[in-house]
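Here are the chains, one letter per residue:
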Amino acid sequence: MEEKKYINPDTITHIQNYLSIPSPPGLILAGIDGLGKKESAYYIATILLQCPHDELDSNPDFYQTKSNGALKVEDIEDLIAFTQRSSVGNRKVCLIHNASSISNITQNKLLKILEDRSEKNTLIFITNRMSMLPTILSRCFFILFRPVTDYTMQLCMKEYAIEEKHWEFLQYLLSNAPYHLIAKKDIVYEYINVSEELSHISRKEDFLEKLHLLTEKDPNSFFDIHSDSPEFAIRTILFPFYQILYHFYSPDRKKANTLSDLYTVQNAYQILQIGQYHLKLAVNGYSKNDFFNLVRFIIQL
């Protein structure tokens, strides 16, 4: 894999183990986004189909779901129809994005494909949370993608010319998931700039101004601009409080930022706890009202 240096080494070992199976079963690639699941799935498909990466999309034995978000009925119907066709080569590979959005009823339909190994259909599921039925799990090879080490993440940031003073923030923002950085390298400084502004406010009410939440339809609304990645918007406003907590327990006890004058360590801990709840909400769906409620909690504390 061209960029396997940005994938956890243990994960690479598991991928190699899977590819060494003579007749590999279905495969589940699980873990948070940004850890290289999609890149690994394409690599695995090219190996199984003995096909160059740049010819994968045109390979008649390869199918991948088309929907960007939650899977639609049409995605699964097309997939099932594809598996019922004869293959040109020795096997067919189906790549299923956003597998966490598949209903239990649909998973049972796919179970029949997994059970019929004679057809040589290989299903690869990509999921960011554990929602697969036990019957699916028991018939698939499972690979859990884990974040990379700080050192590997820093190598990635260095390669993409990110200034070292921003590394701590980006490691927190991206959860040491390098492919997030690669995907968002053109806009990453938008998050950096907002976080730095929040770290230097002198009044709690300034959160509303800096995030452009004072008017309902502000075109510069931080959340609206980045609504496709609500977890990053949440982490951006949580980072200054993470700094307060981190620096409080560091040996030098130096002041984290100007928010230390407005919030105690106990306040910072409370905000991070509520923030974790909002990050869990963001997995299934997160609105501007949810984001506003988090900001309001921070201001009222």
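So, here is what we can say about the structure in this document. Note that the structure is a prediction, hence the values are computed from the model and not measured. Counting restarts for each chain: residues are numbered from 1 in the order of the written sequence. Given that this is a predicted model, residues contribute local features only at a pLDDT of at least 70 and side-chain atom pairs are listed and counted only at 80 or more, while totals for whole chains, interfaces and linings are drawn from all residues. Hydrogens and waters are ignored; side-chain quantities use all the structure's heavy atoms.

## Topic: the nonpolar core
Piece 1. If you look at the biggest cluster of nonpolar residues, it comprises 73 residues, and the most contacted ones within it are L170, F207, L211, F241, F291 and V295.
Piece 2. In terms of residues, this core owes the most to one element, helix α12 (residues 230–248), which gives 9 residues.
Piece 3. Residues within four places of F291 in sequence aside, it is in contact with L211, L213, F222, F223, A233, I234, I237 and Y286.
Piece 4. To form a nonpolar core, buried Ala, Val, Leu, Ile, Met, Phe, Trp, Tyr and Cys residues must be joined to one another through side-chain atoms within 4.5 Å. With a 1.4 Å probe rolled over the protein chains alone, any residue whose accessible area is under 20% of its type maximum counts as buried; one over 50% counts as exposed, and the rest are partly exposed. Listed in part, the 21 residues of the second largest apolar core include L79, F82, I102 and L114. Working definition: helices are DSSP H or I runs of at least four residues, strands are E runs of at least two. Numbering for both runs from the N terminus. Any pair of residues with heavy atoms lying within 4.5 Å of one another is described as a contacting pair.

## Focus on the packing of aromatic side chains
Piece 1. Centres within 6.5 Å are what make two rings of Phe, Tyr or Trp a pair, Trp counting through its six-membered ring; a difference in plane orientation under 30 degrees is then read as stacked, over 60 as edge-to-face, and the rest as tilted. Overall, the coordinates contain 13 aromatic pairs when judged by the stated rule.
Piece 2. Judged by centre distance (6.0 Å) and plane angle (85 degrees), the rings of Y191 and F222 are edge-to-face. On the criterion of sequence distance, the pair formed by Y191 in helix α9 (residues 188–199) and F222 in helix α11 (residues 222–225) is long-range, its members being 31 residues apart. Both residues of the pair, Y191 and F222, belong to the buried class.

## Concerning the sheet that holds strand β2 (residues 62–64)
Piece 1. DSSP calls a pair of strands paired once it identifies at least 2 bridges connecting them. With respect to topology, 5 strands assemble into an open sheet ordered β2-β3-β4-β1-β5, the strand pairing being parallel. The outermost strands of the open sheet, each flanked by one partner alone, are β2 and β5 (140–144). Between one strand axis and the next, the sheet turns by 15 degrees as a mean value, whatever way the strands run.
Piece 2. With 5 bridges connecting them, strand β3 (residues 92–96) and strand β4 (residues 121–127) associate as parallel partners. Residue C94 lies in a different strand from β4, and its bridge partner there is L123.
Piece 3. All axes here are fitted lines through C-alpha atoms, helices being fitted over the stretch that makes contact, and every angle between N-to-C directions spans 0 to 180 degrees. Sheet strands in contact with helix α1 (residues 9–19) are β1 (26–30), β4 and β5, and its direction is about 165 degrees off that of β5.
Piece 4. Packed onto the sheet, helix α3 (residues 73–84) meets β2, β3 and β4 and runs at close to 170 degrees relative to β3.

## Some details on the state of the cysteines
Piece 1. Any two cysteine sulfur atoms lying within 2.5 Å of each other are counted as a disulfide. Tallied over the full model, the rule gives 0 disulfides.
Piece 2. No disulfide involves C140; its nearest neighbouring cysteine sulfur is the one of C94, lying 12 Å away.
Piece 3. The class for C140 is buried, based on a relative accessible area of 11%.

## Comments concerning α12
Piece 1. Helix span, expected: 1.5 Å multiplied by one less than the number of residues in the helix. When the terminal C-alpha atoms of α12 are compared, their 28 Å separation across 19 residues agrees well with the 27 Å that a helix rising 1.5 Å per residue should span.
Piece 2. The angle between axes fitted to the seven-residue stretch ending at a residue and the seven-residue stretch beginning at it gives the bend at that residue. At L238, α12 is deflected by roughly 40 degrees, the largest bend along its length, and proline P240 occurs up to four residues later in sequence.
Piece 3. Of all 19 residues making up α12, 15 are buried, and the element is well covered by its neighbours.

## As for the environment of T152
Piece 1. Of note, T152 is situated in helix α6 (residues 150–159).
Piece 2. Along the sequence, T152 and I7 sit 145 residues apart, while their C-alpha atoms lie 8.8 Å from each other.
Piece 3. With near-sequence residues (within four places) excluded, T152 lies in contact with K5 and Y6.
Piece 4. Pairing of N or O atoms within 3.5 Å defines a polar contact, subject to two protein rules: one partner must be a possible hydrogen donor and the other a possible acceptor, and residues neighboring in sequence count only if both atoms are side-chain atoms. Within polar-contact distance, the side chain of T152 engages the side chain of T149 at 3.1 Å.

## Some remarks on unusual backbone geometry
Piece 1. Positive phi values are uncommon outside glycine, yet N98 reaches one of about 50 degrees.
Piece 2. Note that N98 resides in the loop between β3 and α4 (104–115).
Piece 3. Here N98 falls in the partly exposed class, since its relative accessible area comes to 30%.
Piece 4. Positive phi outside glycine occurs at A161, with the angle close to 60 degrees.
Piece 5. When you line up the elements, A161 lands in the loop between α6 and α7 (167–174).
Piece 6. Exposure remark for A161: the relative accessible area of 61% places this residue in the exposed category.

## Digging into the pattern of salt bridges
Side chains bearing opposite charge may pair, as long as their charged atoms lie close to each other.
Piece 1. Put simply, a salt bridge is a Lys or Arg side-chain nitrogen that is within 4 Å of an Asp or Glu carboxyl oxygen. Summed over the entire model, instances satisfying the criterion amount to 5 salt bridges.
Piece 2. E115 is the salt-bridge partner of R139, the closest N and O atoms lying 3.2 Å from each other. Of the two residues, R139 is situated in the loop between α5 (134–137) and β5 and E115 in helix α4; the sequence distance between them amounts to 24 residues.
Piece 3. Linking D224 and K288 is a salt bridge whose minimum nitrogen-to-oxygen distance equals 3.0 Å. Of the two residues, D224 is situated in helix α11 and K288 in helix α14 (residues 288–300); the sequence distance between them amounts to 64 residues.
Piece 4. On the basis of relative accessibility, which here comes to 36%, the residue D224 falls in the partly exposed class.

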